[in-house]
Amino acid sequence: MIEKGPLIYRIFLIIFWVGTCLGFVAEDLFPPLNSMRSYIFIVLDLLIVTAGVLAVKKKWQKWSIIFFFCLAFLSTIIINKYTNVVFINGCRDFFGLLFILPIVYYLHNNDEQYHFVSKFDKHLKAFLFVQCFCTVVQFAKHGAGDFVGGSFGNGYSGVLSMVIYMTSFYLMNKNFDRAHYFASLKKNWVLIFLLYPTFLNETKASFIYLFAYLVLLNKVEFKTVLKLLSFSPVIFGVFFGLFYLYSVITEQDFDELTGEEFYQAYLVGEDPDELIEICQLYYEGAFDNEDENVWATDLPRFTKILLLGNVLEDSKGGLLLGEGVGQMKGNTVLSKTRFAEKYEWYLVGSRTFVMTCVIQIGIIGFCWFLFVLFKSLSFRNNKSITSFNVKLYLLMFALFMFIYNDAFQNAFFCIFYFYIAASTVNMTNNPLLEESSELAQSNV
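Each chain has its residues counted from 1, running along the sequence as written. It should be noted that, the model being predicted, local features are given only for residues of pLDDT at least 70 and side-chain atom pairs only at 80 or more, the latter also being counted only at that level, while totals for whole chains, interfaces and linings use all residues. Side-chain metrics in this entry use all non-hydrogen atoms of the structure; hydrogen atoms and water are not considered.

This part covers the packing of helix α5 (residues 95-109) against helix α24 (residues 411-423). Fitted lines through C-alpha atoms give the axes, limited to the stretch in contact for helices. The angle between two N-to-C directions lies from 0 to 180 degrees. Note on conventions: DSSP H or I runs of at least 4 residues are helices, E runs of at least 2 residues are strands, and numbering of each starts at the N terminus. Put simply, α5 and α24 touch, their axes get as near as 9 Å, and they point 40 degrees apart. Relative to α24, α5 is oriented oblique. Handedness of the crossing formed by α5 with α24: right-handed. Where α5 abuts α24, its residues G96, L97, I100, L101, V104, Y105 and H108 lie against A411, C414, I415, F418, Y419, A421, A422 and S423. Across the contact of α5 with α24, the residue classes tally to 12 nonpolar, 3 polar and no charged. An angle below 35 degrees is read as roughly parallel, one above 145 as roughly antiparallel, one from 65 to 115 as roughly perpendicular, and any other as oblique. Two helices crossing with the near one rotated counterclockwise from the far one by less than a right angle form a left-handed crossing, whereas a clockwise rotation gives a right-handed crossing. We call two residues contacting when some pair of their heavy atoms lies within 4.5 Å. Gly is put with the polar residues, along with every residue not named as nonpolar or charged; the nonpolar set is Ala, Val, Leu, Ile, Met, Phe, Trp, Tyr, Cys and Pro, and the charged set is Asp, Glu, Lys and Arg.

Quick look at the structure:
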């Protein structure tokens, strides 16, 4: 009979590799598999629930799961009168937040007996190498853009970039001596090299990830700020060069990319009211497929956040409880909800986590998520420099997702995020750094 620990770990590995690689395999290697993707994801969701139920131990995890299902049931079925099928299907978007966290904490708590962490770290590094192959194939086929989503597949370029930076940063910190910064970077050059797939898509946020990556490899203190200021001309030059290289790879105008007008249009839009009108008309069938206004059917992210109150104005749950889960589902196996049909112009394209969370489970649901995030990133568990900096890096991604994308609704992204968060509990500083610190204190 298989022990509970190894069983959970084996299920976890199946979820990890199938979930993160299915997109690329179905789209680029074996297209007939594409028609079965929805059913494979259902099986993976069942495995996530099974492993999560087996792994959950802490009281707060149990109560968090119970609270979510009660809230989702209240908002979806009781208040907004959707069916049980919509409720069950909609809950799947939150399985990562509900069940991945208990799984990874179980693996870490049983690491002394089974050595799960050292084993899975090797899988994480293998994942980074896989992305090198996948992104080159996609870039050669389609050029830079959303198609370069690595093993996740088309449309996951943003998720891929976040996952690559988080994973590389985590593995770097496992073998990094802050007392010898540049020597440690040189020693871990492979992890720096493995960041290159993020420059083959159009994820502009990668420059922010890279800057934070390099800064947080230092100890966060006043001396670090002074050191950054002294190296600011070099840092500016490097990032200017990278940004220019990015514009060449993605075939975009460099002057346009660095202009204020570009970012205003990208985040809010030059004329939000006009964009909203165009989107509504397009989904009402007013334009044909060759119309010049078709490009505008994806509203900018900030505009969507600002429209939350208007969109939920007629919802019985309102801003407090939302329209119920399942609004982002449908159109593959099941049909869309009445809300998704009415506001298709609003829901398609770029989504932020604030938007998707509040639409479905309201402000109360978003507060539930903040509780889960706080528990996963508790800064009290481990006060080492390494642990603190990794948590800061993860916190940056969480804050960024509030206004940039909704990756937390992807269970396979949650594997990376919560696994690294759980790892910080047992993280220590580099032994060489600890020895030098102790020696310095003894000489005082």
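One speaks of a salt bridge when a side-chain nitrogen belonging to Lys or Arg is within 4 Å of a carboxyl oxygen belonging to Asp or Glu. Counting across every chain of the model gives 7 salt bridges. Residue E27 is joined to R37 by a salt bridge in which the shortest nitrogen-to-oxygen separation is 2.9 Å. Linking E27 in helix α1 (residues 4-29) with R37 in helix α2 (residues 37-55), this pair joins segments that are 10 residues apart in sequence. Of the residues examined, R37 reaches a relative accessible area of 14% and is grouped as buried. A salt bridge links R92 to D45; the shortest N-O distance between them is 2.5 Å. Burial status follows relative accessibility: with a 1.4 Å probe on protein chains alone, a residue under 20% of its type maximum counts as buried, one over 50% as exposed, and anything between as partly exposed.

The next subject is the packing of aromatic side chains. Only Phe, Tyr and Trp rings are paired, with Trp represented by its six-membered ring, and only when their centres lie within 6.5 Å; those with planes under 30 degrees apart are stacked, over 60 edge-to-face, the remainder tilted. Applying the stated criterion across every chain, the model contains 47 aromatic pairs. Centre to centre, the rings of F353 and F369 are 4.5 Å apart; their planes meet at 55 degrees, and the pair counts as tilted. By relative accessible area, which is 0% here, F353 ends up buried. Three or more aromatic residues joined by ring pairs make a cluster, and in this case those are F12, F16, W17, F120, F127, F152, Y156, Y170, F416 and Y419. Here the guanidinium or amino end of R301 rests over the ring plane of Y404, the centre of that ring lying 4.3 Å away. We call a charge positioned above a ring when the Lys NZ or Arg CZ atom is no farther than 6 Å from the ring centre and deviates by at most 35 degrees from the ring normal.

At their nearest, the axes of helix α23 (residues 385-403) and α24 sit 10 Å apart, and the two run at 145 degrees to each other. Regarding α23 and α24, the two cross each other, and that crossing is left-handed. In contact with V390, L394, L395, F397, A398 and M401 of α23, α24 contributes F413, Y417, I420 and A421. For the contact of α23 with α24, a count of residues per class yields 10 nonpolar, no polar and no charged.

Because each turn of an α-helix spans 3.6 residues, side chains separated by three or four positions end up pointing in the same direction. Judged by how many residues are buried, helix α11 (residues 206-215) sits mostly within the fold: 7 of 10 residues are covered. Every buried residue of α11 is accounted for by S206, F207, Y209, L210, A212, Y213 and V215.

Here the focus is empty space enclosed by the protein. In the cavity and pocket records, a cavity denotes points on a 1 Å grid over the protein atoms alone where a 1.4 Å probe fits but cannot get out, a pocket denotes an open set with protein on both sides within 12 Å along at least 5 of 7 lines, and lining residues are residues with an atom within 4 Å of a point. Grid points are joined across faces, edges and corners, and a volume is the space filled by probe spheres set on the points. All chains considered together, the criterion is met by 1 cavity of 30 Å³ or more. In this model, the largest cavity occupies a volume close to 50 Å³. Around the largest cavity, the lining residues are W60, Q61, S64, I65, L97, L98, L101, P102 and V372. Residues of the lining of the largest cavity, tallied by class, amount to 7 nonpolar, 2 polar and no charged.

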